[in-house]
Amino acid sequence: MPPPLPPPSTPPVPLADLLARTDLGLRQIAGPREGVAIHWVHTSEMADPVPYLLGGEMLLTAGVHLAEVRRDAGQEAAAALDAYLDGYAARTVAAGAAALGFGIAPVHDTVPRALVAACDRHGLPLVEVPAGTPFTAVESAVWQAVTEARHRELTRLSEAQRALAAAAARPDPAAAVLRALARHVHGWTALLAPDGAEHGSAGPRPTPAVRAAADRLAQVVGASGPSSATDTLPGSSLSAYALTGRARGGRARALVVAADPHDPPAHTIAGVAAVLLSLITGPAAADQGRVPAGHSAALVRLLLGARPAEVAPLLGAPLWTVVHAERRRDTTESAASLAAALGTPLVAPDAGAGRATAAGTSPAAGTTPSPEAEAAPGAVPALRALVPADQQITARPGWTLGVSGPVPVAELPAADRHAASALRRALAGHAALVRHRTPGPHSITSLVAPTDARQHAQALLAPLADSPPLLSTLHNWLSLHGSWDRTATALGIHRNTVRQRITRIAGLLDTDLDDPDVRMELWFALRSLDRGAAAD
């Protein structure tokens, strides 16, 4: 049996929270009771549901398949059922399921004793679902809890990012960032040299075992090794990040973070801090004893309410490229390593980009929806970066990149949408990097005045104006040449949902979307709205 897939990035739901809900009436009757987390729910009455499990789910069953075992076994039904249930529990555990929910009614009056014993034997939490609780109620409770936890997580990430940015603008930025990071990950943070020398720390002092492990990780990442490394000790998860500004001699300091092993957002927050500390402790900053004056001044002025265009000259580049990046599940590359490869410290996690947020974000009226309008449960959070236009951007192992064209600061919002669109195309086409291409001065669109083009686009697409998901689906479907599968991948939805939306769009627009002339006109209309939004 292949190993289960890694758990999704969506927050888990403690099984204890579901058991505490009186409206569900769930009761755990076997298996471990501590530290059980549910990522999703799957219902199956198959004798072998394992091929359809991803890992981390609560598997719900009413035991319909057990009747077939009794019928086929004849006089030896009891022994056959015991053996069957033992194998059923063992395979379910091997597939990575977090728990098994057994429904009372309509087939069984009680949970079979052999199943209780098998789950205890194999360490599978077994939950009795009472007759009055439909499986859909359990599914709804899990998704409601995931949504609420995700909202709390996104709020926490946003607050932590703002706090770290503010700390980086203070007189002693490295120490301030370490203190802010310790508060937001609820743990210990330190800057360590490869020889274990401490150059600053914050938070509760670690145990000797944690400190020894931290020294080992600092040596691993500091000696021109991997950009990050992790270790797990009882009650503590350690992460080390090589700071991209290497000291003289080629050996880098490392940011080491010891946090709760059951707190995934801590890793994302630490990645932001690693990028800031790379900037703060780099060679130029070490010589001056501070953050480069332009970046520090720009950050302070932005925090005090200045507009981006006003602080852009302080950053030293007239043109910028926006990069949207999504880390692939099979890589351990950190945000700090991507920042180093792109040649910019201006990298931040964007939990609201790519496919990682909840659906429902509404774009401005008359514009094409951004990728925030769609979602895929379990997607990996994206990163966004600002890169000076003269910096070459190439594909990076472990990352999928969408790259905008070079623009002045005033046009960065449009470039951000272009990079998001390019990332969606890269994900749909399984490409490592896709660049947005802006039509040249002699393109067909240049033959129509922008105002006239936008008015025509608004009139043409008026039936879709109040439905951001339909506009977003049409935009992606046309950009991907009408591919159902690639559009579904780009939006993080099922291909049948794409078909239903396109059928709905064709009906609202009263047009034939199989006609290439119609597709061309609609594409020009959508692009006109894009350009109009950028001009606004």
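The structure under discussion appears in the preceding block.
Residues numbered from 1 in each chain as written. Predicted model: local features only at pLDDT ≥ 70, side-chain atom pairs only at ≥ 80, totals over all residues. Heavy atoms only, no water.

Asks: Got a minute to help me understand the overall build of the protein chain in this structure?
Replies: Each helix and strand in the protein chain was counted, giving 18 helices and 17 strands. The contacts in the protein chain between residues at least 6 apart in sequence include a share of 67% that link residues at least 24 apart. Carbon and sulfur atoms form 56% of the exposed surface of the protein chain, whose accessible area is close to 24800 Å². (Helix = DSSP H or I, 4+ residues; strand = E, 2+ residues; numbered from the N terminus. Contact = heavy atoms within 4.5 Å. Areas by Shrake-Rupley, 256 points an atom, 1.4 Å probe, with all protein chains shown as cover.)

Asks: Got a minute to help me understand the sheet that holds strand β7 (residues 126-129) in this structure?
Replies: Pairing between the strands of a sheet is mediated by backbone hydrogen bonds and can be parallel or antiparallel. If you walk across this open sheet you meet the five strands as β2-β7-β6-β5-β4, and the pairing is mixed. Of all the strands in the sheet, just β2 (27-30) and β4 (40-43) have a single pairing partner and so form its edges. The sheet shows a mean angle of 30 degrees between the axes of neighbouring strands, direction not considered. Inspection of the sheet shows strand β6 (residues 99-103) paired to β7 by four bridges, in the parallel sense. Bridge assignment links G103 to a residue of β7, and that residue is V129. (Pairing = 2+ DSSP bridges. Axes fitted to C-alpha atoms, helices over the stretch in contact; angles between N-to-C directions.)

Asks: Where do I start with the pattern of salt bridges in this structure?
Replies: Taken as a whole and judged by the stated rule, the model has 13 salt bridges. The salt bridge involving R156 is made with D263; its shortest N-O contact spans 2.7 Å. Placement of R156 in helix α5 (residues 135-168) and of D263 in the loop between β12 (254-259) and α8 (265-281) is noted, with a sequence separation of 107 residues between them. Take R156 and D263: they sit in the same class, and that class is buried. With a closest N to O distance of 3.5 Å, E198 and R205 form a salt bridge. Residue R205 is classed as exposed on the basis of its relative accessible area of 53%. Taken together, the shared-partner salt bridges connect E198, R205, R211 and D215 into one network. (Salt bridge = Lys/Arg side-chain N within 4 Å of Asp/Glu carboxyl O. Buried < 20%, exposed > 50% of the residue type's maximum accessible area, 1.4 Å probe, protein only.)

Asks: Explain the environment of L338 to me, please; I cannot follow it from the model alone.
Replies: Looking at the element boundaries, L338 is found in helix α12 (residues 335-342). What makes L338 buried here is its relative accessible area of 3%. Each C-alpha atom, one on L338 and one on G398, is 9.6 Å from the other, the two residues being 60 residues apart in sequence.

Asks: Even after reading the chapter, I still don't get the packing of helix α16 (residues 484-491) against helix α17 (residues 495-509), so can you show me in this structure?
Replies: When two helices pack together, their arrangement is given by the angle between the helix axes and the distance between those axes. Contact geometry of α16 with α17 gives a least axis separation of 8 Å together with a crossing angle of 105 degrees. Relative to α17, the element α16 lies roughly perpendicular. When α16 is examined against α17, the residues W484, D485, T487 and A488 are found in contact with a partner set consisting of R495, V498, R499 and I502. (Parallel < 35°, antiparallel > 145°, perpendicular 65-115°, else oblique.)

Asks: It is not clear to me how the nonpolar core should be interpreted in this structure. Could you clarify?
Replies: Nonpolar side chains in soluble globular proteins generally cluster together in the buried interior. The biggest cluster of nonpolar side chains holds 29 residues, and the ones touching the most others in it are L164, V177, L181, L255 and L277. Taken together, the elements giving at least two residues each to this core come down to α5, α6 (173-185), β12 and α8. For this core, the element with the most residues is α8, which contributes nine residues. With near-sequence residues (within four places) excluded, L164 lies in contact with V177, A180, L181, I269, V272, A273 and L276. Counting residues in each nonpolar core, the second largest holds 23 residues, with L59, L85, Y88 and A89 among its members. (Core = buried A, V, L, I, M, F, W, Y, C linked by side-chain atoms within 4.5 Å.)

Asks: Would you take a moment to explain the sheet that holds strand β8 (residues 188-192) for this structure?
Replies: Taken together, the five strands give an open sheet; going across it, the order is β9-β8-β12-β11-β10, and neighbouring strands pair in antiparallel fashion. Either end of the sheet is taken by a strand with one partner, and the two such strands are β9 (198-202) and β10 (228-233). Across the sheet, the mean angle separating the axes of adjacent strands is 15 degrees when strand polarity is ignored. Bridge count between β8 and β9: three bridges; the pairing is antiparallel. Residue pairing across strands places T189 opposite A202, the latter belonging to β9. Here α6 sits on the sheet in contact with β8, β9 and β12, set at roughly 150 degrees to β8. Relative to the sheet, α8 contacts β8, β11 (236-242) and β12, its axis offset from that of β12 by approximately 155 degrees.

Asks: Mind showing me how you'd approach the packing of aromatic side chains here?
Replies: Between two aromatic rings, the relevant description is the distance of the centres plus the angle of the planes. Per the stated rule, a full pass over the model turns up two aromatic pairs. When the centroid spacing of 5.6 Å and the interplanar angle of 35 degrees are considered together, the rings of W477 and W484 count as tilted. Overall, W484 belongs to the partly exposed group, its relative accessible area being 22%. (Phe/Tyr/Trp six-rings, centres within 6.5 Å; stacked < 30°, edge-to-face > 60°.)

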